[in-house]
Amino acid sequence: MNTAQKESKIRLPFLGNKTPKRDQIVAIDLGSRTTKAVFLQRNGEGFSLVRYAIQDAPIYDKAPSADLLGEHLRAIMQQLEPKTKLVTLVIGMSDSILRNVEVPLMPPSEMRLMLKFNTKTYLQQELPDHVFDCFLLPSRQAGKAETGKAAKSNVWVGGAKNQYVNDLQRATRAAGLIPDQITLSALGPVNAFEKARPESFEREVVALVDIGFKNTTINILANGELVLSRVVAIGGDKITTGLSEALGISYGEAEGIKVGMPTEVEANLQPLLAALGRELRASMDFFEHQHEKTVSEVFVSGGGARSDFMIQTLQSELMVACSNWNPISFLTIALPPQQMGEVEQIAPQLAVALGAAASSF
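Attention here is on the structure that accompanies the text. This is a predicted model, so every value here is computed, not measured.

What to know about the sheet that holds strand β9 (residues 205-211)
- Strand order in the open sheet formed by 5 strands is β11-β10-β9-β12-β13, with mixed pairing between adjacent strands. Of all the strands in the sheet, just β11 (225-232) and β13 (322-324) have a single pairing partner and so form its edges. Pairwise comparison of adjacent strand axes, ignoring direction, gives a mean angle of 25° for this sheet.
- One ladder, built from 6 bridges, connects β9 with strand β12 (residues 297-302); its direction is parallel. When the bridges of β12 are listed, V206 appears paired with E297.
- Sheet contacts for helix α9 (residues 266-291): β9, β10 (216-222), β11 and β12; angle to β11, the most-contacted strand, approximately 150°.

As for the packing of helix α1 (residues 66-80) against helix α4 (residues 162-174)
- The geometry of α1 relative to α4 is characterised by a closest axis approach of 8 Å and an angle of 50° between their N-to-C directions. Viewed along their axes, α1 and α4 adopt a mutual orientation that is oblique. The chirality of how α1 crosses α4 is right-handed. In contact with A66, L69, G70, L73 and R74 of α1, α4 contributes D167, L168, R170, A171, T172 and A174.
- Split by residue class, the contact of α1 with α4 holds 6 nonpolar, 2 polar and 3 charged.

Comments concerning the packing of aromatic side chains
- Inspection of every chain in the model, using the stated rule, returns 2 aromatic pairs.
- Ring geometry for F193 and F299: centres 5.0 Å apart, planes at 50°, overall tilted. Taken as a pair, F193 in helix α5 (residues 188-196) and F299 in strand β12 lie far apart in primary sequence, 106 residues in all.
- Look at F193 and W325: their rings are 5.3 Å apart centre to centre, the planes differ by 85°, and that puts the pair in the edge-to-face class. Placement of F193 in helix α5 and of W325 in the loop between β13 and β14 (332-333) is noted, with a sequence separation of 132 residues between them. With respect to class, F193 is no different from W325; both count as buried.

Some thoughts on the pattern of salt bridges
- In total, this model carries 9 salt bridges according to the counting rule given.
- A salt bridge links E255 to K258; the nearest nitrogen and oxygen atoms lie 3.2 Å apart. Pair noted here: E255 and K258 are both in helix α8 (residues 251-260), with a separation of 3 residues, about one helical turn.
- Among the residues examined, E255 registers a relative accessible area of 27% and is labelled partly exposed.

Examining the nonpolar core
- Residues I28, L73, L80, L168, F193 and L221 are the most contacted members of the largest nonpolar core, which totals 45 residues.
- The residues touching F193, leaving out its near neighbours within four places in the chain, are P198, S200, F201, V206, L208, L221, F299 and W325.
- The next biggest cluster of nonpolar side chains, apart from the first, holds 33 residues, and it includes L276, L280, M284 and A305.

Structural notes on the sheet that holds strand β6 (residues 130-136)
- With antiparallel pairing, 3 strands are arranged side by side in an open sheet as β5-β7-β6. The open sheet has two free edges, formed respectively by β5 (97-104) and β6, since each of these has just one partner strand. Averaged over all pairs of adjacent strands, the angle between strand axes in this sheet comes to 35°, irrespective of strand direction.
- Of the strand pairs in this sheet, β6 and strand β7 (residues 152-161) are connected by 7 bridges, and their pairing is antiparallel. Residue C134 lies in a different strand from β7, and its bridge partner there is V157.
- Together, β5, β6 and β7 form the strand contacts of helix α2 (residues 108-117), whose direction differs from that of β6 by roughly 135°.

A look at α1
- For α1, with 15 residues, the first-to-last C-alpha span of 21 Å sits near the 21 Å given by 1.5 Å per residue.
- Restricting attention to buried positions, one finds in α1 the residues A66, L69, G70, H72, L73, I76, M77 and L80. Down the axis of α1, the buried set is contained in an arc of 165°. They therefore lie on one face. Facing away from the buried side of α1 by over 90 degrees, the exposed positions are D67 and Q78.
- In this fold, the buried residues of α1 make contact with β1 (24-30), β2 (34-43), β3 (46-56), β4 (86-91) and α4.
- Directly beyond the C-terminal end of α1, a positive phi value near 60° is found at E81.

Calculation criteria
- Residues numbered from 1 in each chain as written.
- Predicted model: local features only at pLDDT ≥ 70, side-chain atom pairs only at ≥ 80, totals over all residues.
- Heavy atoms only, no water.
- Pairing = 2+ DSSP bridges.
- Helix = DSSP H or I, 4+ residues; strand = E, 2+ residues; numbered from the N terminus.
- Axes fitted to C-alpha atoms, helices over the stretch in contact; angles between N-to-C directions.
- Contact = heavy atoms within 4.5 Å.
- Parallel < 35°, antiparallel > 145°, perpendicular 65-115°, else oblique.
- Left-handed = near helix turned anticlockwise from the far one by under 90°.
- Nonpolar A, V, L, I, M, F, W, Y, C, P; charged D, E, K, R; others polar.
- Phe/Tyr/Trp six-rings, centres within 6.5 Å; stacked < 30°, edge-to-face > 60°.
- Buried < 20%, exposed > 50% of the residue type's maximum accessible area, 1.4 Å probe, protein only.
- Salt bridge = Lys/Arg side-chain N within 4 Å of Asp/Glu carboxyl O.
- Core = buried A, V, L, I, M, F, W, Y, C linked by side-chain atoms within 4.5 Å.
- Expected span 1.5 Å × (residues − 1).
- Arc of directions from axis to C-beta.

This is a description of form; function is not addressed.
Here is the structure:
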């Protein structure tokens, strides 16, 4: 979302988009259960991670009001202490859509308008009162149309309800901030992975799995291009709830056991993780069948990436090597002492926010 434009829209800061250089970047990932934020400072040609913040969301069973969200954003910024008032906001996949579609070749402004009035045709569902943005995939763009056929463009389309976007802008301004852009959580790991693992990004076929609170996203990258992005309605919440019910313990106790002592409840965790693994495997099978390429490795981020047991179980289900990855490896670390000792452990949870910040470089 570029606030200089009269019409509010979702801005998709995909890899390769150019934005003006800036000295400080703040990105805030508005997760369902927790908000994750990062503050980056320019350091020569790169950036330093100056501070991060992780706070409970105002409410997690529904979208907060603009006033409540404004107070929450103000508290986050007080913890980060940046000089800039420009912020990038990241919205979850429960509040947005991301689709890969083929549309007639035309300028992006016309493409957005066409999508707005033809969602059933291009997105296979009615999406009234939504606002859209799109990113053209240059490597797939047809050079010339076949005789008698209009030229087509392959694009990624992102969208959200217009009212929600307006509420985000109003909350941001109420906090004394300037909404620089809005992006989607599914894109964060992709942007961060390009910076942190450039050789794997450019040369390999990999899957990025980000385990969130309500959903898990899987993005498949093939030689530097995002080819498939899907959302699985199984996240940390469903796994913790299932463990709580199976053991007859509280939700909080189940969360602690899930992360801290998973091997002690393997029999209970196994079927919950197996369900997630089957959904992810189905997405990989679809990609491999359509593109005749094989996913060589799966990289896991999000809260679940802190658990070796969860990663090993997913590896058994997916039958592909799985590992976590370090989304802060491309940054110089300039954190205060109290955060320096914790950052390696919580880094997988910052992948989305860091990716949103990386798209602003």
